[in-house]
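Listed below, chain by chain, are the residues.
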Amino acid sequence: MGRSLQSFAGYVRPFSIIGSRQASGCPFSKRQRSQIAPAAALTDEVFSNAKPYSEVPGPKPIPLLGNTWRMVPVIGQFDISEFAKVTQQFLDKYGRIVRLGGLIGRPDLLFVYDADEIERMYRREGPTPFRPAMPCLVKYKSEVRKDFFGDLPGVVGV
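Just so you know, the residues in each chain are numbered from 1, in the order the chain's sequence is written. Confidence filtering applies because this is a predicted model: local features only for residues at pLDDT of at least 70, side-chain atom pairs given and counted only at 80 or more, and all residues used for totals across whole chains, interfaces and linings. To get the side-chain values, all heavy atoms of the structure are used, and hydrogens and water are removed first.

Per the convention used, a helix needs a DSSP run of H or I reaching at least four residues, while a strand needs a run of E reaching at least two, with both numbered from the N terminus. Along the backbone of the protein there are 7 helices and 2 strands. The order of α-helices and β-strands along the protein, N terminus first, is α-α-α-α-β-β-α-α-α. Across the 158 residues in the protein, those meeting the buried criterion constitute 16%. Contacts are assigned to residue pairs with any non-hydrogen atoms lying within 4.5 Å of each other. Of the contacts formed within the protein by residues at least 6 apart in sequence, a portion of 40% connects residues at least 24 apart. Only protein chains enter the calculation, and the probe is 1.4 Å; a residue is then buried if its accessible area is under 20% of its type maximum, exposed if over 50%, and partly exposed in between.

So, on to helix α5 (residues 115-124). We call two N or O atoms a polar contact when they sit within 3.5 Å, provided that within protein one can donate a hydrogen and the other can accept it, with sequence-adjacent residues counted only if both atoms are side-chain atoms. Where α5 begins, the side chain of D114 points an oxygen toward the backbone nitrogen of D116, at a separation of 3.0 Å. Downstream of α5 by one or two residues, G126 has phi in the positive range, about 85 degrees.

With that settled, consider the nonpolar core. Counting residues in each nonpolar core, the largest one holds 8 residues, listed as M71, F78, V86, F90, V98, L100, L103 and F111. For this core, the secondary-structure elements that each account for two or more residues are α4 (83-94) and β1 (97-100). The term nonpolar core refers to a set of buried residues drawn from Ala, Val, Leu, Ile, Met, Phe, Trp, Tyr and Cys, joined through side-chain atoms within 4.5 Å.

Residues qualify for a patch when their relative accessible area is over 30% and they have no salt bridge, like charges being joined within 9 Å and the nonpolar side chains of Val, Leu, Ile, Met, Phe, Trp and Tyr within 5 Å. For the area figures, the Shrake-Rupley method with a 1.4 Å probe applies, and any residue is considered shielded solely by the protein chains shown. In what follows, salt bridge is the name for a side-chain nitrogen of Lys or Arg lying within 4 Å of a carboxyl oxygen of Asp or Glu. Side chains of I62, L64, L65 and I104 sit close together on the surface and give an oily, nonpolar patch of about 440 Å² of accessible area. As for its position among the elements, I62 is in the loop between α3 (44-49) and α4. On the basis of relative accessible area, I62 is assigned to the partly exposed category, the value being 37%.

Quick look at the packing of aromatic side chains now. The aromatic pairing rule takes the rings of Phe, Tyr and Trp, using the six-membered ring of Trp, and pairs them if the centres are within 6.5 Å, calling planes under 30 degrees apart stacked, those over 60 edge-to-face and the rest tilted. Inspection of every chain in the model, using the stated rule, returns 7 aromatic pairs. Geometrically, the ring pair formed by F148 and F149 is edge-to-face, given 4.9 Å between the ring centres and 90 degrees between the ring planes. Classification of F149 by relative accessible area gives buried; the value is 9%. Among the aromatic residues, ring-to-ring pairing joins F78, F83, F90, Y94, F111 and Y113 into one connected group. If you follow R99 out to its NZ or CZ, it ends over the ring of Y53, 4.9 Å from the centre. Between K141 and the ring centre of F149, over which it is positioned, the NZ or CZ distance is 5.5 Å. When the NZ atom of lysine or the CZ atom of arginine is within 6 Å of a ring's centre and also within 35 degrees of its normal, the charge is said to sit over that ring.

The subject of this paragraph is the side chain of T87. One can find T87 in helix α4. Not counting chain neighbours up to four residues away, the residues in contact with T87 comprise F111 and Y113.

Another aspect to go through is the pattern of salt bridges. As enumerated under the stated definition, the model contains 7 salt bridges in all. Between R99 and D108 there is a salt bridge, with its nearest N and O atoms 3.6 Å apart.

Let us look at unusual backbone geometry. At L64, a position not held by glycine, the phi torsion is positive, near 70 degrees. Among the structural elements, L64 can be located in the loop between α3 and α4. A positive phi angle is found at V74, which is not glycine, with a value near 75 degrees. With respect to the secondary-structure elements, V74 resides in the loop between α3 and α4. In this structure V74 comes out as exposed when scored by relative accessible area, which is 88%.

Bringing the pairing of β1 into the picture now. Both faces of the sheet carry side chains from a regular strand, because those side chains alternate between them. On β1, burial follows the alternation: V98 and L100 on one face are buried, whereas I97 and R99 on the facing-out side are not. DSSP bridges decide pairing: two strands pair if at least two such bridges lie between them. Pairing between β1 and strand β2 (residues 109-112): 4 bridges, direction antiparallel. Looking at the pairing, V98 lines up with F111 of β2.

And the structure:
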């Protein structure tokens, strides 16, 4: 077991072992599952404490340029090539949920830094969640590599 996996193993508390993962020696066969998200029901109390989307903290856009200028090299305050550092700055400054709105030609980005909230969201989206594809991936599959993907682009993230 590598050094990083040994340090990771100290944080994992097994709850069950599924299938043949145990026999294969998979280091993630004893993954801990959240005890919060499955038990958290959508109650009136949850909705009464919820804030409107407009109050989600984040960098404030300026008229005409929005927040796009923040990502422009030289004049912007964020180095997009160091996006991990940018998201750490968002977490430090705005908290566990951050909205980056006002991106010209793009929808708002919502950063959620709470694993239990992310799990709760995925558990509540139903059997057929809507996950829009990236336009560049759609073009690649439907035009550039139509010979390979055909009429059924599928879920291959190539």
